[in-house]
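# Topology and contacts: notes
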Amino acid sequence: MAKSIDVTDLNIYYGDFLAVQDVNITIPARAVTAFIGPSGCGKSTFLRSLNRMHEVIRGAYVDGKVLVDGEDLYAQEMDPVNVRRKIGMVFQRPNPFPTMSIAENVLAGQRLNSKRMKKSEADDVVEQSLRRAGLWAEVKERLDRPGSSLSGGQQQRLCIARAIAVEPEVLLMDEPCSALDPISTSVIEDLIHELKNDYTIVIVTHNMQQAARVSDQTAFFNLAGVGQPGRLVELGPTEKMFANPDDPATEAYIQGRFG
Amino acid sequence: MTTTLTRPAPSELGADLRGRRLPTWGPTTVWSLAAATAVVGLLTPVGLARGLVLAWFVAALVPAWSFVVEGRRKATDRVVTHLVASAFVLALIPLVSILVAVVGKGSSALSAEFFSYSMRNVVGEGGGIYHGIIGTLLITAAASVISVPIGLFTAIYLIEYGDDSRLASSIRFLVDVMTGIPSIVAGLFAYALFVLFFGEGVRMGVGGSVALSVLMIPVVVRSCEEMLKLVPNELREASYALGVPKWRTIAKVVLPTALAGIVTGITLAIARVIGETAPLLIIAGMTDSVNFNLFDGRMQTLPVFTYSALMNPGVPAEPSIERAWGAALVLLLIVMALNLVARLVSHFFSPQGER
Amino acid sequence: MGTRRIREEGLRVSSTTEQTRRTAPPQRPGDRVFGGLSLGAALLILATLAGVAIFLTVQGIPGITASPEEVKYDTTFLRYVGPLVFGTLWAAALALVLAAPVAIGVALFISHYAPRRLAQPIGYVIDLLAAVPSVVYGAWGMVTLAAAIQPVYLWLEEHLGFIPLFAGPASATGRTILTAALVLAIMILPIMTAICREIFLQTPRLHEEAALALGATRWEMTRMAVFPYARSGIVSAAMLALGRALGETMAVAMVLSASGVISLNLISSTNPSTIAANIAHSFKEASGLTVNGLIATGLVLFVITFAVNFAARAIVDRRKEFSGAN
């Protein structure tokens with residue numbers, strides 16, 4: 001089910017403002033790709049362009065190609081809503097729906113689209129998704145409690161369960177641990193290890209150690225200069241990027257000399 | 001750590017910081033005395049009015065005392081505190097007086113007959129406000145049916161679609177201006193509109209609903225807009241990321257999350273228009289009989305009943321005036337109940353754990 | 001803020017990117033219907049506002065041009081509406097003068113002076129004043145307040161009668177323009193208090209703390225930090241309250257036994273009427289062109305309140321831009 005992503009010559013605009021320039025990257029299936037770089041370098045924007053989430057902002061558009069399994073996400077006839085069903089996303093802060101219970105949150109993708117499901121089928125989806133997100137044991141006794149009754153780390157895993165319940169092929173994670181404590185963070189990192197057997201995972205992180213721990217390949221983004229668009233500086237296997245990167249800017253950033 | 005600073009001796013510094021102050025029990029005691037004066041005024045032939053004036057002077061002793069002990073600056077501060085607090089008490093006086101007057105004069109009118117009879121063929125004593133209650137409920141309900149969808153969808157446009165576009169900001173501005181339309185002008189508008197279709201002298205319950213809608217829509221728009229604004233953007237994004245189209249996101253995530261606030265806002269908007277008199281006087285008219293048909297002729301309402309029974313009591317006047325106060329009391333109770341319901345809804349039904 | 005900056009910076013790369021912009025993706029039917037309903041509702045509001053102006057004008061013009069013989073009030077429209085405009089402005093101005101200091105005081109009490117635990121309940125109590133229906137205010141004003149205040153008018157006539165405002169002779173019923181203005185003042189108190197309270201609470205904490213750190217007393221802090229920041233907000237709150245007072249019908253219609261004069265005398269039994277109260281009094285018995293005349297007076301009232309509200313809102317909006325608040 002997991003798919004690889006090929007991006008060619010991608011430019012991302014907000015209105016007339018060019019935010020990210022000329023990205024070419026291949027994201028392999030069943031692996032974790034980490035995006036690192038200083039704040040405002042466009043890594044989150046680029047991540048959001050992978051499932052057309054950046055279009056939520058008025059006036060945002062791209063040119064270039066994003067191929068998933070040979071299909072261009074930005075082709076004329078593509079529906080962004082369907083794109084997002086195939087490419088799920090987990091956000092910086094856990095955001096369960098406050099009006100829904102834990103089980104309803106997991107089923108949100110189906111429920112919000114008024115998809116008919118048998119009770120047994122729905123129960124299956126809830127259990128499977130929560131098991132995969134490593135949350136089943138903790139919440140199986142209280143599936144009808146509100147999602148907001150969980151702790152921050154549990155909420156984030158609930159959001160992961162919710163994202164995988166719609167059976168996406170790719171999972172995008174936008175700094176999924178930045179609002180969590182170290183223990184929850186390590187639980188989620190273990191989970192990412194598990195999930196990469198089934199999904200293509202892309203993670204944006206500010207935490208260099210986290211990138212080193214969880215990812216197979218790392219991409220470094222940086223601004224070309226003040227007021228200039230962000231761009232992809234270097235891409236490589238994670239060990240190489242951290243041990244001996246080609247670009248001096250990457251080395252400087254990884255060693256903590258800026259950003 | 002060695003410090004080369006020359007410190008003043010502790011006693012000097014203390015003397016510098018210490019100032020002459022009123023004892024902490026001072027102001028409290030004086031204020032209690034003032035309150036006692038007012039109560040004594042109320043209970044004795046002195047009267048509440050004189051009692052309150054005396055209490056004001058008693059409380060003014062605090063700044064005076066402060067001037068002697070603490071000096072000019074502190075005293076000025078206390079004068080202002082005194083004035084600001086008395087502004088509040090001053091604002092309370094009419095509220096209490098209105099409640100006392102309405103309850104005192106109106107409660108004797110309340111009876112089973114009062115709620116179940118109209119004024120049809122009633123001269124002198126007897127009769128009731130059944131026709132007024134029916135009219136008020138029907139006209140207000142119809143006004144809500146018109147206003148709530150328009151107001152809610154406008155708010156959705158402003159928050160979810162319009163964003164900061166030119167059209168949205170001008171609509172926002174005009175909605176604000178619309179809040180200021182005098183109620184009687186709304187009544188005239190409804191009349192001028194209905195005259196086109198039904199000819200001169202038209203009186204119709206639904207006309208009242210249209211007039212009330214003009215007053216209600218801007219209130220609904222503003223409160224719904226505030227509530228939609230409070231829904232965190234993250235929830236919208238979470239829904240989009242699950243492959244949910246925008247309209248379903250609005251209908252199934254944004255609106256349910258904001259529901260408690262929206263219900264509160266709408267209830268308060270209803271409470272605001274249910275007591276309107278002037279527009280109904282013009283377009284719904286008045287009658288002594290029950291009328292269940294919004295589209296057929298005059299319809300009595302509680303506020304208009306209160307107005308006409310008080311202004312044109314007829315002979316004998318006393319029963320009519322008593323009924324007027326009774327109707328005012330019922331109206332006041334309805335409005336207060338709506339306000340209470342609104343507060344309870346927002347208190348108990350807001351989603352838990354919202355950030 | 002963010003989008004604005006992006007737009008400004010973006011100006012540099014404009015026009016070259018124009019060709020590369022893609023057309024919007026196909027919209028779902030559900031989105032089209034929902035979006036259409038929302039936009040439709042918003043446009044309906046514009047249409048309503050325009051409708052109010054248009055219908056009042058269409059129905060009012062025959063009343064403006066009617067000759068004195070054709071209408072019940074036996075005079076030209078301008079002569080008819082003149083005293084009413086005076087009465088409307090006079091009553092509203094009096095109400096504002098009476099209400100403004102109290103409203104500012106109460107707002108300050110809630111925002112800065114009352115014990116913190118009490119501030120919210122006190123706010124609710126003041127909001128209760130806004131919940132009282134206007135006809136109840138009218139009834140209270142004409143019966144309770146008028147009787148209670150009549151002795152004060154006697155006293156004013158006796159001791160301050162040399163001032164034209166209190167020339168008297170004092171009304172025997174107490175139902176005078178000053179009583180009406182008092183009721184109006186109480187009615188506009190909650191809205192003015194609420195707006196002022198919001199504005200006072202928005203005072204930047206840093207300014208307040210800076211003042212306190214300089215050793216200011218609470219009042220000095222209020223004068224140094226709160227008032228300068230709130231000035232334009234207070235002005236617009238006052239104007240919004242004024243707009244309310246101009247259009248309020250029942251309080252004046254019930255309290256005043258009006259005779260349509262122009263008079264500055266506050267305590268006598270001959271009082272000017274207001275546009276709104278006059279419509280309420282006369283509409284029931286009016287017919288033919290008289291109705292059009294009354295609608296025309298309503299149009300005049302609409303224009304006046306619209307102008308006042310428009311100005312007030314414009315001040316609020318301009319203030320937002322300057323202060324960066326919100």
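Residues numbered from 1 in each chain as written. Chains lettered and ligands numbered in written order. Predicted model: local features only at pLDDT ≥ 70, side-chain atom pairs only at ≥ 80, totals over all residues. Heavy atoms only, no water.

A separate point is the overall build of chain C. Helices and strands together make up the secondary structure of chain C, namely 11 helices and zero strands. Relative to all contacts within chain C whose residues are 6 or more apart in sequence, the contacts with residues 24 or more apart total 80%. Surface summary for chain C: the accessible area is close to 14,800 Å², and the carbon and sulfur share equals 65%. (Helix = DSSP H or I, 4+ residues; strand = E, 2+ residues; numbered from the N terminus. Contact = heavy atoms within 4.5 Å. Areas by Shrake-Rupley, 256 points an atom, 1.4 Å probe, with all protein chains shown as cover.)

This next bit is on the domain arrangement of chain B. All names here are of chain B. Its domain assignment divides chain B into domain 1 (22-108) and domain 2 (130-348). Contacts between the two partners involve eight residues from domain 1 and, on the opposite side, six residues from domain 2. When domain 1 packs against domain 2, close to 620 Å² is buried across both sides, 81% of that on carbon and sulfur atoms. On the domain 1 side of the contact with domain 2, Val 102, Lys 105 and Gly 106 bury the most area, a combined 63% of that side's loss. Along the contact surface separating domain 1 from domain 2 lie zero salt bridges. (Domains from an automatic or database assignment. Buried area = accessible area lost by both parts, 1.4 Å probe. Salt bridge = Lys/Arg side-chain N within 4 Å of Asp/Glu carboxyl O.)

A few words now on unusual backbone geometry. Outside of glycine, negative phi angles account for most residues, and trans bonds account for most peptide bonds. Residue and element names in this part refer to chain A. A positive phi angle is found at Arg 30, which is not glycine, with a value near 50°. Along the chain, Arg 30 turns up in the loop between strand E2 (17-27) and strand E3 (32-36). The exposure class assigned to Arg 30 is partly exposed, which follows from its relative accessible area of 45%. Despite not being glycine, Asp 69 has its phi angle at roughly 55°, a positive value. Following the sequence through the fold, Asp 69 ends up in the loop between strand E4 (60-68) and strand E5 (71-72). (Buried < 20%, exposed > 50% of the residue type's maximum accessible area, 1.4 Å probe, protein only.)

Quick look at the packing of helix H9 (residues 183-198) of chain B against helix H2 (residues 29-65) of chain C now. Orientation of H9(B) relative to H2(C), taken along the N-to-C sense of each, is 65°, at an axis distance of 9 Å. In this view, H9(B) runs roughly perpendicular relative to H2(C), as classed from their interaxial angle. In this structure, H9(B) meets H2(C) at a crossing whose hand is left-handed. Contact residues: H9(B) offers B:Val185, B:Leu188, B:Phe189, B:Ala192, B:Leu193, B:Val195 and B:Leu196, while H2(C) offers C:Gly51, C:Val52, C:Phe55, C:Leu56 and C:Gln59. Looking at the contact of H9(B) with H2(C) residue by residue, the classes come out as 10 nonpolar, two polar and no charged. (Axes fitted to C-alpha atoms, helices over the stretch in contact; angles between N-to-C directions. Parallel < 35°, antiparallel > 145°, perpendicular 65-115°, else oblique. Left-handed = near helix turned anticlockwise from the far one by under 90°. Nonpolar A, V, L, I, M, F, W, Y, C, P; charged D, E, K, R; others polar.)

Our next topic: the pairing of E4(A). Residue and element names in this part refer to chain A. Across the nine residues that make up E4, a large majority, seven, are buried. Sheet topology places strand E1 (residues 5-14) next to E4; eight bridges connect them, and they run antiparallel. Within E4, the residue paired with Thr 8 across the bridge is Lys 65. Both E4 and E5 contribute to a ladder of two bridges, which runs antiparallel. Bridging across to E5, Leu 67 finds its partner in Asp 72. In this structure, the hairpin formed by E4 and E5 is closed by a connection of two residues, where Asp 69 is found at a positive phi of approximately 55°. (Pairing = 2+ DSSP bridges.)

Here we come to the interface of chain A and chain B. Opposite the 29 residues of chain A that make contact, chain B presents 23 residues. Contact between chain A and chain B buries roughly 2,200 Å² in total, counting both sides, with carbon and sulfur atoms accounting for 59%. Taken as a group, A:Arg58, A:Pro98 and A:Leu112 account for 25% of the area that chain A buries against chain B, more than any other trio of residues on that side. In this structure, the connection of chain A to chain B is made through two salt bridges. As a salt-bridge pair, A:Arg48 and B:Glu237 come within 2.6 Å of each other at their nearest N and O atoms.

Our next topic: the pattern of salt bridges. Side chains that differ in charge, positive against negative, can pair when their charged atoms come close. By the definition in use, this model includes 21 salt bridges over all chains. Between A:Lys240 and A:Asp246 there is a salt bridge, and its shortest N-O distance comes to 3.1 Å. Taking the shortest distance from any N to any O, the salt bridge between B:Arg222 and B:Asp176 comes out at 2.3 Å. Placement of the pair is B:Arg222 in helix H10 (residues 205-230) and B:Asp176 in helix H8 (residues 166-178), with a sequence separation of 46 residues. Given a relative accessible area of 23%, B:Arg222 falls into the partly exposed group.

Let us now look at the interface of chain B and chain C. At the junction of the two partners, chain B supplies 78 residues and chain C supplies 84 residues. Buried area between chain B and chain C, summed over both chains or domains, comes out near 7,000 Å², and the portion from carbon and sulfur atoms is 79%. Summed over the shared surface of chain B and chain C, the number is two salt bridges. Close ionic contact of B:Arg73 with C:Glu220 constitutes a salt bridge, the shortest N to O distance being 2.8 Å. Along the contact surface separating chain B from chain C lie eight residue pairs in polar contact (both at pLDDT 80 or more). No other element matches helix H5 (residues 72-106) of chain B, which puts 19 residues into the side of chain B that touches chain C. Residue composition of the side of chain B that touches chain C, grouped by class: 56 nonpolar, 12 polar and 10 charged. (Polar contact = N/O pair within 3.5 Å; in protein donor to acceptor, adjacent residues only side chain to side chain.)

Here we take up helix H8 (residues 182-195) of chain A. All names here are of chain A. Here H8 spans 20 Å end to end across 14 residues, near enough to the 20 Å set by a 1.5 Å rise per residue. When H8 is considered as a whole, its buried residues turn out to be Ser 184, Thr 185, Ile 188, Glu 189, Leu 191, Ile 192 and Leu 195. The buried residues of H8 all sit within an arc of 160° when viewed along its axis, so they share a single face. Exposed and oriented more than 90 degrees from the buried face of H8 are Pro 182, Ile 183 and Glu 194. Looking at the packing, one finds that the buried side of H8 touches E3, helix H5 (119-132), helix H7 (152-165), strand E7 (170-174), strand E8 (200-204) and helix H9 (208-214). The N-cap residue of H8 is Asp 181: its side-chain oxygen and the backbone nitrogen of Ile 183 are 3.1 Å apart. (Expected span 1.5 Å × (residues − 1). Arc of directions from axis to C-beta.)

With that settled, the discussion passes to the packing of helix H7 (residues 130-162) of chain B against helix H14 (residues 302-311) of chain B. Residue and element names in this part refer to chain B. It is the contact of H7 with H14, at a shortest axis distance of 7 Å, that shows an interaxial angle of 140°. With respect to their mutual orientation, H7 and H14 come out oblique. Judged by residue contacts, His 131, Gly 132, Ile 133 and Thr 136 of H7 engage Leu 302, Pro 303 and Phe 305 from H14. Residue composition of the contact of H7 with H14, by class: four nonpolar, three polar and no charged.

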